[in-house]
Amino acid sequence: MAKVDFDTPEMQEVSILPKIKPGSMEHSSPFVAKDIHQEPLGFPGELVENFEEKVVEKMGDLLDKYRGFRVFLDSCVKCGACTDKCHYYLGTSDPKNMPVGRQDLLRSVYRRYFTFAGKYFPKLVGARDVSKEVLDEWHSYFHQCSQCRRCSVFCPYGIDTAEISMAAREILDSVGYGQKYCNEIIGKVFKIGNNLGLPGPALEDTLEGLEEDVMDDTGVEVKFPLDVQGAEVLLVTPSADFFAEPHIDGLMGYAKVFHAAGISWTISSYASEAANFGMFIGSYDNMRKISQRIRKAAMDLGVKRIVFGECGHAWRVAYSFLNTLAGPWDFLDPKYPVPQHILEVTHGLIQEGKLNIDKSRNDDIVPTFHDSCNVARASRMGDKPGGQFEIPREVIKAVCNNYVDMAPGTTHEATFCCGGGGGLLTDDLMEIRVKGALPRMEAYKQVTENNGVTNIVAICAICKAQFTKILPFYGFGMDAIMSAHQLVSNAIVLEGEGQDDADESEASEA
Amino acid sequence: MSSVSVIYALMFYFATAVIVVGVGRKIAQYARTPAPLKIPTTPAPVTKGGVVVRMAKEVVLFASLFKSNKWIWIFGWMFHFALLLVLLRHLRYFTDPVWEWVALIQPFGKYAAFAMLAGLAGLWARRIVVDRVRYITGPSDHLMLALLVGIGITGALMTYVSHTDIVAVKAFFIGLITFNWQPLPTDGVLLAHLGLVVALMIVFPFSKLLHAPGVFFSPTRNQVDNPREKRHVAPWAAKLDAREE
Ligand code: SF4
Ligand code: SF4
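The structure displayed is predicted, hence computed values, not measured ones. All residue numbers here refer to positions counted from 1 along the written sequence of the relevant chain. Chains and ligands are labelled by the order in which they are written, letters from A for the one and numbers from 1 for the other. Totals for whole chains, interfaces and linings use all residues, but because this is a predicted model, local features are given only for residues with pLDDT of at least 70 and pairs of side-chain atoms are given and counted only at 80 or more. Side-chain metrics in this entry use all non-hydrogen atoms of the structure; hydrogen atoms and water are not considered.

(A) Looking closely at the overall build of chain B. Helix numbering and strand numbering both begin at the N terminus, where a helix is a DSSP run of H or I of at least 4 residues and a strand a DSSP run of E of at least 2. Counting its regular elements, chain B contains 12 helices and 0 strands. Taken over the C-alpha atoms alone, chain B extends approximately 70 × 45 × 40 Å along its principal axes. Relative accessibility under 20% of the residue-type maximum defines a buried residue, over 50% an exposed one, and the middle range a partly exposed one, all with a 1.4 Å probe and only protein chains included. By residue count, 50% of the 245 residues in chain B fall in the buried class. A sequence separation of at least 24 residues applies to 71% of the contacts in chain B between residues at least 6 apart. Computed over 24 positive and 12 negative side-chain charges, the inter-centroid distance for chain B is 4 Å. Pairs of residues are marked as contacts when any of their non-hydrogen atoms sit within 4.5 Å. We treat Lys and Arg as the positive residues and Asp and Glu as the negative residues; His and chain ends play no part in the count. Charge coordinates come from a single atom per side chain, which is NZ of Lys, CZ of Arg, CG of Asp or CD of Glu.

Listed below in structure tokens is the structure:
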């Protein structure tokens, strides 16, 4: 692990807007991808010699392909409305972490090469040439953006800095200056099928282990099927669900829900990953290739529905992009949306009264809910706008008695990022991850003190991993973070539950 | 006709051509460029009608800005709507007879100049006082404000202090439209006012003033949230599908 050598910011009762501290985070930059990480994704192995030319060429290409990119670069009026909206600015005071400050790192180059004013009056409009220094700055600050889109909610033109960050990373990759973490992981998906590089047999072992765990807990034989032909549901879930805490408790929850509802389901070893880091690096090609694996798995296994497990950016790619990238889905059952979120499934079953729930089993927990950025601001659940806020809360409230919301302005569409999204969940970015979590930690602290909240519930693999790491920096226990389906798992009463216990004790007596 | 009149006549023709062609080209460029992925900032409307409502709220009420920062909203909204009133009031110099509703807003339009200047002053003050906004402000941002304030002050001066021969001004502009040139009065304030307006028209398509057409093309605001129901594929992306089949 990289050496952690910085101060955790102090939490405030009422967040105080920091004065700008230029340059305070310019030392933060992730490891650069090596040729072995770059080349499998179709990017040059190292910084190309004529990168000045290539950067401009790639930028021109993106300008023609993405209307948002072009409109966002032209439209900013420097009104300043976004300047205090980014958690990384609030946690670091570095003005280049203000959304508009971040955009300007790239806009200055856009203006120089693609606008009349920048070509002829560069000083007037703050235009600058491409240089190695510029690329270094991009590599640093475009990896201090979790692509959370909070800025886009508040900008009068909807300028989404996430789109600018994605474009910047795509340009960096295209000249051989990528980020190790994301690119290495994408390579693993192509080679093995998931971000962790967990091969089929290991996955099978893990799932068997889980079956035993559930059996020990409940005495019920709940299956965790792998590669089952003709199952009704293909479950695509972030691979962290297979081994990390508290993710794994969520996976147990999904399994119990399917079991209780009598829905046959399977995981695919070929597409054993919901995460799609192709989005983080802004690469349509890579994002599409990863998505196509899900299509192939669904066809090969002959499933009727696709359901996604708890993950934020994965749900964005699934909900918003999957139809575009890997559709049409006309071979699946048209009665269900493609894809569905596991919470949509559970919510529906609860509404229909198909799950037997004992809320009191969660009585020792007072949970609050952390809206994950990509679910909140880049996707939806259910058929009404805002379903992405209501459905998780309704499910949580249906399985436990003590739900508490965090302060308005820190939830729903204004939710604060966990600090580790967008390809930042790596140890070499620990400082920015901790500092970026400040606003969320302040809001969490408030409900722990005022409402006795004991746990923070998330529906994103990255949020869960990030909170596990950073909660201790702010004086909370790392196990305060829970999966939403962990609460479901606790409360769900399976048919035959407890009976086996009796059998077992009889057996042992005999 | 004086040479000043001729110069101003030519300037206005030139500036009109620049703004019309410049902004037209930008709009065409925006319209041509695909948005390959569904990226509305959610919660977003699930129907086209809903998108029209969302966009109207943004353009008329500055809804996102209102959520964001009340000061910028007050100053920004005041400036833009005062400017709109002032512009509408100015239609009286281009129409003969003056349309009835234009005559009706005349008294409001006259005072709107002050609201416009107050809004601009507030926005400008923020660029100096608030450290975050000072950091992102460049010379062109000050210049743009200076242009607008200059236009506002010279305009108000003519309304309230040193009146110009407004009948002649109107004759000049109608002459421009009908290609029957008439002389322009040559008092300094009027010439300054019109000169600044010409400058603003010329910089429009090359500056951040492109936010005006831009907002309508912003995919985070103008897309319908229906990706599961309707497959959305850009032409360049469809080629990727075709290549594989
Ligand atoms: S809110 Fe939008 S227009 Fe205003 S400074 Fe930020 S990005 Fe630019
Ligand atoms: S997308 Fe999120 S992390 Fe990136 S600049 Fe905007 S608010 Fe900050």
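(B) Layout of the pattern of salt bridges. Residue and element names in this part refer to chain A. Throughout this description, the term salt bridge denotes a Lys or Arg side-chain nitrogen within 4 Å of a carboxyl oxygen of Asp or Glu. Per the stated rule, a full pass over the model turns up 39 salt bridges over all chains. When the shortest N-O distance is used, the salt bridge between Arg-107 and Asp-104 registers 2.7 Å. Of this pair, Arg-107 and Asp-104 both sit in helix α5 (residues 99-114), 3 residues apart, which is roughly one turn of the helix. Of the two residues, Arg-107 and Asp-104, neither departs from the other in class, the shared state being buried. A salt bridge links Asp-358 to Arg-361, with the nearest nitrogen and oxygen atoms 3.8 Å apart. Its relative accessible area of 29% is what places Asp-358 among the partly exposed residues. By relative accessible area, Arg-361 is classed as partly exposed at 33%.

(C) Spatial organisation of the interface of chain A and chain B. In this assembly, 78 residues from chain A lie in contact with 58 residues from chain B. Two parts placed together each lose some accessible area; with a 1.4 Å probe, that loss summed over both constitutes the buried area. For the pairing of chain A and chain B, the buried interface totals around 5,700 Å² over both sides, and the portion due to carbon and sulfur atoms is 56%. Remark: the boundary between chain A and chain B carries 6 salt bridges. Note that Lys26(B) and Asp74(A) form a salt bridge whose closest N and O atoms lie 2.8 Å from each other. The biggest single contributor to the side of chain A that touches chain B is helix α15 (residues 312-326) of chain A, with 8 residues. Gly falls in the polar group here, along with every residue not listed as nonpolar (Ala, Val, Leu, Ile, Met, Phe, Trp, Tyr, Cys, Pro) or charged (Asp, Glu, Lys, Arg). For the side of chain A that touches chain B, the per-class residue count stands at 40 nonpolar, 17 polar and 21 charged.

(D) How the structure looks around the side chain of Thr410(A). All names here are of chain A. Of note, Thr-410 is situated in the loop between α18 (387-399) and α19 (430-436). Since its relative accessible area comes to 11%, Thr-410 is described here as buried. Of the polar contacts made by the side chain of Thr-410, one reaches the backbone oxygen of Ala-407; its length is 2.7 Å. When neighbours within four sequence positions are excluded, Thr-410 is seen to be in contact with Thr-415, Phe-416, Arg-440 and Ala-443. As used in this structure description, the phrase polar contact means that two N or O atoms lie within 3.5 Å; if the pair is within protein, one of them must be able to donate a hydrogen and the other to accept it, and residues adjacent in sequence are counted only when both atoms belong to side chains.

(E) Quick look at the site of ligand 2. Residues and elements named next belong to chain A. Distances are taken per atom, and a residue is near a molecule or strand as soon as one of its heavy atoms is within 4 Å of it. Of all residues adjacent to ligand 2, which total 14 residues, the nearest are Cys-86, Cys-145, Cys-148, Arg-149 and Cys-151. For the shell around ligand 2, the secondary structure elements donating two or more residues are α4 (87-92), α5, α9 (150-154) and α10 (161-174). Its residues placed into classes, the shell around ligand 2 shows 7 nonpolar, 4 polar and 3 charged.

(F) Spotlight on helix α12 (residues 200-218) of chain A. Residues and elements named next belong to chain A. The terminal C-alpha atoms of α12 lie 27 Å apart, and with 19 residues this matches the ideal 27 Å at 1.5 Å per residue to within 8%. Where α12 is concerned, the buried positions are Leu-203, Leu-207, Leu-210, Glu-211, Val-214 and Thr-218. The arc that holds every buried residue of α12, seen down its axis, measures 105 degrees, which confines them to one face. Across α12 from its buried face, at more than 90 degrees, point the exposed residues Pro-201, Asp-205, Glu-212 and Asp-216. Residues of α12 that are buried make contact with α13 (247-261) and β2 (265-267). Backbone geometry just downstream of α12 places Gly-219 in the positive-phi region, at approximately 75 degrees. Given the number of residues in a helix, its expected span is that number minus one, multiplied by 1.5 Å. This arc is built from the directions going out from the helix axis to the C-beta atoms.

(G) How the structure looks around the domain arrangement of chain A. All names here are of chain A. Those domain boundaries reflect an automatic or database domain assignment. As far as domains go, chain A holds domain 1 (35-185) and domain 2 (192-404 + 453-491). On a C-alpha basis, the centroid separation for the pair domain 1 and domain 2 is 32 Å. Each partner contributes to the interface: domain 1 provides 17 residues, whereas domain 2 provides 14 residues. Roughly 1,400 Å² of surface becomes buried between domain 1 and domain 2 when both sides are summed, with 53% attributable to carbon and sulfur atoms. In terms of surface lost to domain 2, no three residues of domain 1 exceed Arg-149, Met-166 and Ile-185, which account for 33% of the buried area on that side. At the junction of domain 1 and domain 2, the tally comes to 0 salt bridges. Inspection of the region where domain 1 meets domain 2 yields 5 residue pairs in polar contact (both at pLDDT 80 or more). Looking at the side of domain 1 that touches domain 2, the elements that each hand over two or more residues are α9, α10 and α11 (180-192). Broken down by element, the residue count for the side of domain 1 that touches domain 2 peaks at 5 residues, all from α10. Here the residues of the side of domain 1 that touches domain 2 sort into 9 nonpolar, 2 polar and 6 charged.

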